[in-house]
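Topology and contacts: notes
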Amino acid sequence: MYHRVILITEKHDERIQILYLIFLLSIVVAFFSWLGTYVMFSFGFLDSGLLNLVSNSAIFILAIFFYANSQSLYLFLNRYGNYNVMGISTVSRDFFAAAGKLLLGYLGIVNFGMIYAYLGSQIIFSLIMLVAVLRILSKQKINIHLSLLKLFALAKKYNRFPTIALPTDFVALFSIQAPLLFLGPIFGAQVLGFYALARSVAGVPAAFLGGAIGSVFQKEAADQYNEKGNCSEIYLKFGYTIFAIILLPCLLMMIFSQSLFQIAFGDEWRTAGAYCAILAPLYGFRLISKPLGFVFQLTQHLRFDFLLMNIFIIASGFSLGLGYLMDSSELTIYLISITHSCCYLIYLYFGYRISKGKRYKVG
C-alpha cells in the first residue's frame, strides 16, 4: 500500500525513496511468504502438490517481487503523466500473459504453465516501465541516492497506508464478493451461475474504462489538490463525464439485456439477463465512484474511508439476509443493486465534500 504515496506526495525525493522502500519490502515479504508456505507444507497444512512450487523459491519470490514493484512503477509513471508507456506496458503484459499460457499449454507444460506465463508477463511489464522511469529521472535530474534513514522516516510517516488502507481494500473487496460467496449456499448453484454471468457482463464497461479513467483522474486531482488545497473542479468534471459516458449503455442494458442473453447464450440464460438488467445501475455507480474514491487517499482520509466501506458490508448482509428470509433470489438481487447503489451515492457525496477541502476526523 505504500505505492499509493507516490501519487499524493509533492516531493520528488519522497517518490524515489518510496520506490526504494517498496523494492526492499517486496524482497522481505516475498522471502517470508515463501518461508511461511514451506513451513506450512512441512507440518502438513498444505497439499503435497505445492511442493514443487514451494521448493522452487526463485519462481515464488520473483512473482511477488515483480508484482509489488510493477505497482509502484506504474503509479510513478502515472504521477508524471506518462500515459503512453503505461498503455504500452499494460497491453504487452496482457498479451504475453495470454500468449504464454497458450504456448506453454500447447507444449504440455500444464502444471505451472500459468505461473510461468504470469511471471514472464510481469517481468516484461516491469522492465518496460523501469526504462521509462529511469528516463524520467535522468531527464529531470532527480537525485536517486538511497537513504535508509529517509526510508524509515517515510515508512513511519505514511504507516496509515498499510495499516488502514489495506483493511479498507479488504472490506471493499469482501463486500463486492459477498454475493458470490453466499448466493450458492443460500439459493443453489443455478442462481449463483446466473448471477456470476450477469455480474461479468455488467462489469465489462468498468473493465475497459475504469483503469484508464482512474489513472488520468489521479494525476489531475493530485496536481490540483497540491496546488489549490482542493480538487472539487476535477472531481465534478470527471464525475459528470463518466456519468454521460455510461448513461446510455446502462439504459440499454436495463432494457435489452434479457433478450440479448437469450440470443447469445440460449433460453436457459434469460434469468441471467434479467439479473444483468437489475445490476446495471449498480455497476454504473461503481464505475463513477471507484476512480473518484482516490480523493480519500489523496487527502489521507483513510480512517473515514474505512468507516464508509463498512456500510457496503452492512448492505450486503441486509440484502442476503432479507432475501434468505423471504426465500427469493430475485428480491436479493434487487436489494443488492439498490442498497449498494445507495452506498455509492453516499460515498460520492462525502468524496465531493472532501474534494472541496472538508475534513472529517474519525477516532
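The rules behind these values
- Residues numbered from 1 in each chain as written.
- Predicted model: local features only at pLDDT ≥ 70, side-chain atom pairs only at ≥ 80, totals over all residues.
- Heavy atoms only, no water.
- Helix = DSSP H or I, 4+ residues; strand = E, 2+ residues; numbered from the N terminus.
- Buried < 20%, exposed > 50% of the residue type's maximum accessible area, 1.4 Å probe, protein only.
- Areas by Shrake-Rupley, 256 points an atom, 1.4 Å probe, with all protein chains shown as cover.
- Lys, Arg positive; Asp, Glu negative; His and termini not counted.
- Charge placed at Lys NZ, Arg CZ, Asp CG, Glu CD.
- Bend = angle between axes of the 7 residues up to and from the residue.
- Axes fitted to C-alpha atoms, helices over the stretch in contact; angles between N-to-C directions.
- Parallel < 35°, antiparallel > 145°, perpendicular 65-115°, else oblique.
- Left-handed = near helix turned anticlockwise from the far one by under 90°.
- Core = buried A, V, L, I, M, F, W, Y, C linked by side-chain atoms within 4.5 Å.
- Contact = heavy atoms within 4.5 Å.
- Patch = residues over 30% accessible without salt bridge, like charges linked within 9 Å, V, L, I, M, F, W, Y side chains within 5 Å.
- Salt bridge = Lys/Arg side-chain N within 4 Å of Asp/Glu carboxyl O.

1. Some remarks on the overall build of the protein chain
When its secondary structure is counted, the protein chain shows 15 helices and zero strands. Across its three principal directions, the C-alpha atoms of the protein chain cover 60 × 55 × 40 Å. In the protein chain, buried positions account for 44% of the 363 residues. Looking at the protein chain as shown, the accessible area adds up to about 19000 Å², and 68% of this sits on carbon and sulfur atoms. Counting 26 positive and 15 negative side-chain charges, the protein chain places the centres of these two groups 11 Å from one another.

2. Re helix α11 (residues 232-265)
The axis of α11 is deflected most strongly, by about 65°, at F256. G266 occupies a position one or two residues after α11 and carries a positive phi of about 110°.

3. Topic: the packing of helix α14 (residues 302-326) against helix α15 (residues 329-355)
The contact between α14 and α15 brings their axes to 8 Å, and the two run at 165°. By the criterion of interaxial angle, the relationship of α14 to α15 is roughly antiparallel. In this structure, α14 crosses over α15, and the sense of that crossing is right-handed.

4. Some words on unusual backbone geometry
Despite not being glycine, Q300 shows a phi value in the positive range, around 60°. With respect to the helices, strands and loops of the structure, Q300 is situated in the loop between α13 (294-298) and α14. Residue Q300 is classed as partly exposed on the basis of its relative accessible area, which comes to 22%. Despite not being glycine, D327 has its phi angle at roughly 55°, a positive value. Along the chain, the position of D327 falls in the loop between α14 and α15.

5. Observations concerning the nonpolar core
Membership of the largest hydrophobic core comes to 83 residues, with the highest contact counts inside it found for F76, L77, F217, Y275 and L298. Counting residues per element, this core draws most heavily on helix α12 (residues 270-292), which supplies eleven residues. Those residues in contact with Y275, other than ones at most four positions away along the chain, are V191, F194, Y195, A198, S329, E330 and I333. With five residues, the next largest nonpolar core counts I59, A63, F65 and F66 among its residues.

6. Details of a nonpolar patch on the surface
Taken together, the side chains of F243, L247, L248, L251, L252, M254, I255, F256, L260 and I263 present a nonpolar region at the surface, about 1000 Å² in accessible area. Structurally, M254 is set in helix α11.

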